[in-house]
Each structure stands twice: as C-alpha cells, then as structure tokens.
Amino acid sequence: MKSLRLLSAILYVLISLNTQAGVVPYKTIIPQDWKFRQVATDVWMPATVPGTVHTDLIAAGRIEDPYYRQNELRVQWIDKVNWEYKTKIILTKEDLQRNNIRLVFEGLDTWAHVYLNGNLLLKADNMFVTWRVDAKPFLKAGENELKVLLFSPVMKGLEQQETFGFPLPASNDQSETGGLGANQVSIFTRKAGYHFGWDWGPRLVTSGIWKPVYLESWDNARISDLYIIQHNTNVRSGTAELTAEIEMEASIAGEYSLNLLIDGKIFATEACFLVAGLNRQKVNMSISGTKLWWPNGLGEQPLYRISAELTASGNVLDSISQNIGLRTIKMIRKPDAKGPGESFFFEVNGRPVFAKGANYIPNDVFLTRVKPETYEFIVKSAAEANMNMLRVWGGGVYESDLFYDLCDKYGIMVWQDFMFACSMYPGGEEFLNSIRHEAEDNVKRLRNHACMALWCGNNEIEIAWAQGREDRGWGWKQNYNQQQRHIIWKAYDTIFHHILPKVVETYTDRQPYWHSSPSAGMGKLANDDNVSGDMHYWGVWHGQHPFSDFRKYKARFMSEYGFQSFPEFNSVKKYTVPEDWNIESAVMASHQRSGIGNLRIKQYMEQDYQIPGSFEHLLYVGQLLQANAIKMAMKTHRSEMPYCMGSLYWQINDCWPVASWSGIDYYGKWKALHYFAKEACKNQIINVVVEKEKLLIYGVSDLPEKISAVIRLNLADFNGLSLWNRPVKVTLPANNSTLVYSIDLKELPVKFRENEVFLTATLAIGSREIDQEFVYFAKPKDLKLPDPGLKTRISDKGDHFVIEIISDRLCKNLMLISDNTDVIFSDNYFDMQPGETRLVTCPATIRWEDFEKGFRVLHLKQTMR
C-alpha cells in the first residue's frame, strides 16, 4: 500500500514538473483519505485506493491473512455483501473554470455505482475498462463528496444467471467453496475469472477501486491517444518508415499545431484544424540511424521515445509519449509442401523465431499488492532463464502498463489472451457491447508495445465445447438441449469470430489474431492430428501418461503443458505450522487446487524416486521430478525444429502460496524448474536421448549461422574413473535442429552396471563450454549414489557472496539453501562431477556471518534409504 501512496506522490510531482515545462496539467489525483464500510453498517474504516475490500479489511485488522493456513474459508462472506467507499475532493473556483472536467476510474472491480455530491454519475459493470464521465456539472467550489457503491459480484452473478434463464459451464469456478453449491456465476461478470478459484488458486472474489482514480481537466483540446504504425525498417540503412496517428478531442474548433518529437527532439510540425469532438490526424515520418528491436537472446532491445505535442498560439496544451521498438512480428501459417499440415510460428524482422517460455498468471489474487519490483523480478527472471515469450493467460487480467514496458525492455514477446477461459459466456446486446468496449480499450492501450506478438480470443473454450463433435469436448454440450446449445454457440461465435478479430483488425496494423488456444485452425479442433495450429498437452499429469510421452506427442506449437511441484520448505513454513507438514494434511490439501494433486505428485515420484521419509526432502524431490519432466519436454520440442516452433510450459509464477505447476513460487523463490529451464532455453543446446539401446544427440541452435563445435563424451563411474571417452566434431545448424551423433550402446567397448555410471556430454565451441548434460542409465531411485564428500567455503565480495563447492565424488542435484534470507543463487539443483569445483554467487542481503550460519546444502543421496 505504501507503494501506491508513493505512486500518487510521484504523479503529483510529474504534474507539477509538466506545469513548469509549459504543459497544462489535466490530472488531479483524488486524495488518499478514503474510508469504507459494509453497506447497512455504521462503522467506517480507513481505506487505500487503489485497493480491494479484502486488503482494506486486513489493514483494519478485521480479517486475518487469507493465504495463511485455511483462513481463505473464513472470508467467503465478503463477496456476498455490498461495500461503500467515500472520500472528499477539495476544489477552488479556479479549478472549476476549466472547460472540461471528467472523473476517471482506470479500473473498478466490478459492479459499481458512482455518486458525486449525491448525483449518480456512473454505473460500471466491467473490471477491464477505463471509465470516464463528465463531472463538471456536479462539482462545486470547496468540498465535494465522492462515493462508490460496490455490489456483491456473487449476488449480481446470481441475478444475471436467473435473467439469462439457465447456467453456463465454468469448470474452474469453485462455487462450493464459496457456499453457492453448483451455481458457477463467474461468467456473468466481466471480471478476472481466477478470483472465483482455479486449479492453482484460491476463491477470493474481490471488489474495489483497483486502479487510479482522478479528475481530468482541460480547456480547448487534448490528445487522447498516440499510435505509431510501422511500415518498413531497412536493416542496412537504418531507415524506418512510420506513421503517427494522433487522436485528439476538442471542445472548441479551431487552428492548432502538432509537434512530433523523437527522444525529445522535434522531428516534424504540422498544422491541424480540429472540429468540436473527436479528431484523428496522421503524420508520416521517415527516421534514419535506427536499430531493430529483437527478442531476448537474438539481439538488442533499443526503444525510441516518440512524443506528440498539441499547441495553440505557441503554448503547449497537451502531450503524450510512447516508447517504440522498431520491428516486425508476423505469425506464419503456411501449408506444408508435403502433407496436410500447416506451420505455426512467429517471424521477427524476417527471421523465424522459436518461442521459448511459459504461461503467465497474475502475481497475486489481490492485484493492488503487486509492486513494481515484483513485475520486474518476474519478467527479468524470464529473461535470465533465456526465455523470449510469455503467454498472458485468459483467466486473469490485461496486465499493467509496467508489465508490457518490462517485456519491451527485456525482449520478452507477449502472447496476449483476451480475458476468457474455460467457460461459455452469455450473449445479449449489453454484454456484447461491454466486451467490445473492453477489447477496444485494451487493444488501443497495448498495441504500441514492441513485445506484442499475438492476440488470442480465449483459452481452451473451442476444444472444451467442440462444436459439431459429439465425440469430443469436456462433456459440456450434453447438459443442454438443442435450443440452449444454439444460444450458447451463437454467443461464442459472435465474441470470438466477429467482435474480437474486428477490434484487432480495426485498431492495429495487421497484428495477428488467433481465435482460441489450442486450435488446429478455424473449424478444426486441436489434438486431432497435431499437424497444424497449437496444442495443449496434458496427457502427462491429467492423463497420467509417463514422462516419456513428452517425446511422443509433437505439435507445431506447444502452448501449454506442465507438471506440479511444491514450494521449497522455507516457503511452505510461511503459510503453515509444524502440524501441517504432511502433504495429506488439511492445510497442504487446501493449498493444492488440482483435485488429487499432492497424491498425483507422489504417484509419479514413486516411478522414478525413492519416497523420502522427511517432509522437507519430499518437497525437494518433488521439485526435481517437475524440473526433469519440463526440461525433457522443452528440449524435445526444440529438437523438433522447424516442425515445432514454440514451447510455453504452464506456468512461470503463482498468485498465492500453493503446490502448482509454477517455476517460481509466490514468495519469489526459483524452483528447480526455473533453473533447469534456464539451461534448456539457451540459444545453443544439445539434447541427449537414451532410447531403444541407443544414445542420440541432437544439436539445437537459435542463431542464424552454422557453427562448428565439439561434443566431448565421457563415461565414468561415480568416483570419477573414466571408462570411455570420445570427442565428436559436429556442426550446429543455423536456426534449426539436427541429429548430430548416435551410437548403439552395445558398441561401447566397456561393460558397466547401469546404476553405477554416468555420462557427460559437453558442447564446446573452441575453448568455451556452451552446454553440458549429465546422462544416467538407471532411474534415480536405483542409482547407487555415493556420499559426495562436499566441501564449501563462502567469501564476502561486498555486494555479493561467492560459494565455492568441491565434490570428491558424484553429487546429484545439489540444492543450496539459505535459511536466514531469501536469495536467488546463480545456479542451483545441479549435478557435480567427481573432483569438480564450482563457484556460485548470490546477492549479499545480510551480513556474511548471518548468511554463513543459515547456509546449508541438500543432495539426492541424503533423501535415499
């Protein structure tokens, strides 16, 4: 909450600075002296705006942290009552002399009536839009009272369902947890679906003023939008052809001037005549000396600040700026030369790019608690793990401007879902108009970002409903008669095949739109043959397929797959007490939303690992299980280039402390998965596969040129005795994958026991090691691992610590742990060869003495009987 108050102060300062620079200010941030209460009660409590009812109740001491143990169940009453917020706005007579004064809510969650001095100004019903209303007729000099009445989203949903006439499918709505029985009403409100629960999140249905609120004042004219259309960038000459489309609103018609600036320098000036109302003007620009924006790992991410100033008689009336990365991103769907298939990949600046990354969900159920540093941490962590794409999933929110700014900065392309997931939605003119408004708002807000790669209509709805296929789908259709089916499908068709693609077409310059994920194409269901479109593969986990099936199921673009794990022990301790430290305890089961998820992890674990007797060890082995599964999948997908051109696992982050598919837990701790993903997503890798008594090595490269390299193979026992070794000269292909080496294991000139040896395959270019894989010939539970004989030493380097680790014998999956402070190590969960010395770093957030006391290690041998 402190960060939100700081943001208000910063905005006030920026407005003051703009005034000094000659720009007429037009935003007045509403003061922070908000109060709130439950409707029909007399107790007013301090409130924070932006905020939510839940977080304000926590701050007031009225409820305990819903994330702790099973407190979530004790706060289900909050979403079933109405709430009221109020504040006072003090204005002078001079303030009221502006020609136009509007009250702006950038986000209201969700059903709300807004009153100004007792006058009803606004009826809001969509969390995802910005609301602007004319406030001038209702304002007065002195004190003005602003009230926001927030209606229960649950009760409103029940009303909407009754009016609609029958319920609609919403598979992840945890209505029973909310005390509603089978009434899954989330789909009747344009609100974040995950607030009603998901298979990785709690049911905490929020209400609140969740984005900034302010008065917007101006006189003759203002700039409402700036859109930069990119036509062509010549790589050799560095010349970019652009069009700036400026949207302006005038209350007084007349002659004005437009200045276009690039990085603060005036580039062009044009006269314009504005009529009263909305105006648009295009200005063509040709700029030289530019550089292209590239995804992470393929080049730099230069951004150019392009600004528009509206002036009259030499005075600046308004200005607006956008940070622009010069690039082209296309989605290429081209029929295969042979066979019925069709490609599905992203082409950036004319180069096919393999999309490496993960799916992204909101960072918290209570969105206003997400700090700028959290956004940066997650996006930067994606970049540090060598990812180049995040999929913003459709059951959350259209993220904050800062999130997309950071994706621009770090070179993370964004697959952007519209906010529809795993449900069917009602039609009706009012509901459809609200969706259109929502889409226009967010497409216009986000379209300038260099990171924007794709707009996708929805998550998993096409495949779940499976129109026209009685043998497919999730069993939804069978619950409805033919008339109801017609009504439901008509709404679907209208939203995803007409409204949303039309908005993208109208408000962007040919940015790609994909109607549903997964899909094989319009009218073709995903997973029928996997020769076109994108795929969500959940045979591993939901279907209980073996991990080896990650190599069996191939797709043109794998946009979802995953496996669960627990947070590490230090994270679990933050939301539990010792009596909860059993994966079948009520609290651990409550922090697991995928049915029998905890036992499913154990079921898979039994196949490959010995089940540890220690709770902490069980959590650790669970992370190894997940990390190895996703590493296998990612490397397999990359080895299938160019047939497969994308791999986005589920999921990078969490919205609360939970056992889930995430690679980074709610508290910001990298799981083993994220460390393994960092290795699997490097630009150049080898993928070593042992199957059918053969050793196969694939070379994979995302770089545009062929590269000569050497793979050093060494078969050794766990004490370090080399039994067989061989250097293999290979050529890594240009932006492709190929089998670079294979050998029949029977051809090896030595005999060995499979559970007592390991193979290292080291990829080197010259003297530089690029990648290394440890290969084992038996399951981890059968390995006869020795005590590694570890030695560690910690050095204080001022702003960071260096941990030196020496292993006398093979050490498998060494986990570094800091009990006294939360840190991210430069490497973790790694294997060490006998006699190896490794240096690992971490930030120095506490004194060396305290860090050393809390530092310890864990390795797989310690978990085995």
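About the cut-offs
Residues numbered from 1 in each chain as written. Predicted model: local features only at pLDDT ≥ 70, side-chain atom pairs only at ≥ 80, totals over all residues. Heavy atoms only, no water. Pairing = 2+ DSSP bridges. Helix = DSSP H or I, 4+ residues; strand = E, 2+ residues; numbered from the N terminus. Axes fitted to C-alpha atoms, helices over the stretch in contact; angles between N-to-C directions. Left-handed = near helix turned anticlockwise from the far one by under 90°. Contact = heavy atoms within 4.5 Å. Nonpolar A, V, L, I, M, F, W, Y, C, P; charged D, E, K, R; others polar. Salt bridge = Lys/Arg side-chain N within 4 Å of Asp/Glu carboxyl O. Buried < 20%, exposed > 50% of the residue type's maximum accessible area, 1.4 Å probe, protein only. Core = buried A, V, L, I, M, F, W, Y, C linked by side-chain atoms within 4.5 Å. Right-handed = clockwise from strand over helix to strand, strands pointing away. Phe/Tyr/Trp six-rings, centres within 6.5 Å; stacked < 30°, edge-to-face > 60°. Lys NZ or Arg CZ within 6 Å of the ring centre and 35° of its normal. Polar contact = N/O pair within 3.5 Å; in protein donor to acceptor, adjacent residues only side chain to side chain. pLDDT = per-residue confidence, 0-100. Expected span 1.5 Å × (residues − 1).

Participant: Would you explain the sheet that holds strand E21 (residues 345–348) in this entry?
Facilitator: Sheet architecture is open: three strands sit in the order E20-E21-E22, paired in antiparallel fashion. Sheet topology places strand E20 (329–332) and strand E22 (351–353) at the edges, where each strand pairs with a single neighbour. The average undirected angle you get between the axes of adjacent strands in this sheet is 35°.

Participant: Would you mind going over the packing of helix H4 (residues 372–384) against helix H5 (residues 401–410) with me for this structure?
Facilitator: Packed helices, taken two at a time, are described by their axes: the angle between them and the distance between them. At their nearest, the axes of H4 and H5 sit 10 Å apart, and the two run at 35° to each other. The hand of the H4/H5 crossing is right-handed. Here Pro372, Tyr375, Glu376, Val379, Lys380 and Ala383 of H4 come into contact with H5, specifically with Leu402, Phe403, Leu406, Cys407, Lys409 and Tyr410. Split by residue class, the contact of H4 with H5 holds nine nonpolar, no polar and three charged.

Participant: Help me understand the pattern of salt bridges in this model?
Facilitator: If the charged atoms of two oppositely charged side chains come close together, the side chains can form a pair. Counted according to the given criterion, the structure contains 51 salt bridges. Measuring nitrogen to oxygen at the nearest pair gives 3.2 Å for the salt bridge that ties Glu249 to Arg222. Taken together, the residues span a long stretch of sequence, with Glu249 in strand E14 (residues 239–250) and Arg222 in strand E13 (residues 221–234) at a distance of 27 residues. On the accessibility criterion, Arg222 (5% relative accessible area) is buried. In this structure, Asp808 and Lys791 form a salt bridge, with 3.0 Å as the shortest nitrogen-oxygen distance.

Participant: For this particular structure, what's the right way to read the nonpolar core?
Facilitator: Nonpolar side chains in soluble globular proteins tend to be buried together. Leu103 and Phe105 are the most contacted members of the largest nonpolar core, which has 192 residues in total. At 12 residues, helix H12 (residues 615–639) tops the list of elements feeding residues into this core. Contact partners of Phe105, with chain neighbours within four places excluded, come to Val114, Leu122, Val129, Thr130, Trp131, Leu146, Val148, Ile209, Pro212 and Val213.

Participant: Whenever I open this one, the pairing of strand E23 (residues 355–360) confuses me. Can you help?
Facilitator: Along a regular strand, successive side chains alternate from one face of the sheet to the other. Most of E23 is tucked away: six of the six residues are buried. Where E23 meets strand E30 (residues 646–649), four bridges bridge the pair, whose relative direction is parallel. Looking at the pairing, Gly357 lines up with Leu648 of E30. One crossover worth recording links E23 to the parallel strand E24 (residues 389–392) by way of H4, and it is right-handed.

Participant: Got a minute to help me understand the packing of aromatic side chains in this structure?
Facilitator: Geometry of an aromatic ring pair is reported as the spacing of the ring centres plus the angle between the planes. Tallied over the full model, the rule gives 53 aromatic pairs. In this structure an aromatic cluster arises from ring pairing among Trp538, Trp541, Phe547, Phe563, Tyr604 and Trp661. Here the guanidinium or amino end of Arg556 rests over the ring plane of Tyr643, the centre of that ring lying 4.0 Å away. Positioned over the ring face of Phe830 is Arg838, at 4.3 Å from the centre of the ring.

Participant: I tried to follow the packing of helix H6 (residues 429–446) against helix H8 (residues 482–507) on my own but got confused; where do I start?
Facilitator: One way to put it is that H6 packs onto H8 with a least axis distance of 10 Å and a crossing angle of 35°. As for how H6 packs across H8, the hand of that crossing is right-handed. Of the residues in H8, those in contact with Leu432, Ile435, Arg436, Ala439, Glu440, Val443 and Lys444 of H6 are Thr494, Ile495, Ile499, Leu500, Val503, Val504 and Tyr507. Taken together, the residues of the contact of H6 with H8 break down into 10 nonpolar, one polar and three charged.

Participant: Would you mind showing me how to read the side chain of Ser807 here?
Facilitator: Counting through the fold element by element, Ser807 comes out in strand E39 (residues 800–807). Side-chain polar atoms of Ser807 contact the backbone oxygen of Arg809, separated by 2.4 Å. Apart from the residues within four sequence positions on either side, Ser807 is in contact with Pro788, Gly789, Leu790, Met832, Gln833, Pro834, Gly835 and Glu836.

Participant: Looking at this structure, how should I read the pairing of strand E31 (residues 684–691)?
Facilitator: Most of E31 is tucked away, with six of its eight residues classed as buried. As defined by bridge partners, E31 adjoins strand E32 (residues 694–701) across eight bridges and the pair is classed as antiparallel. Looking at the pairing, Val690 lines up with Leu695 of E32. Count of turn residues in the E31/E32 antiparallel hairpin: two residues, of which Lys692 carries a positive phi of about 50°.

Participant: In this structure, what is going on with the confidence of the model for the protein chain? I would like to understand it.
Facilitator: Caution applies to low-pLDDT regions: their predicted coordinates should not be interpreted in detail. Model confidence for the protein chain is summarised by a mean pLDDT of 95, while 97% of its residues fall at 70 or above. Below a pLDDT of 50 lies the segment residues 1–23, which in the model reaches 21 contacts outside its immediate sequence neighbourhood of four places, other chains included.

Participant: Can you help me understand H4 in this one?
Facilitator: An α-helical turn contains 3.6 residues, so a residue and the one three or four places further along point in the same direction. With 13 residues, H4 extends 18 Å between its outermost C-alpha atoms, agreeing within 8% with the 18 Å of an ideal straight helix rising 1.5 Å per residue. Three or more residues of H4 are buried, namely Tyr375, Ile378, Val379, Ser381, Ala382 and Ala383. Tucked into the core, H4 has its buried residues touching E23, E24, H5 and helix H13 (672–680).

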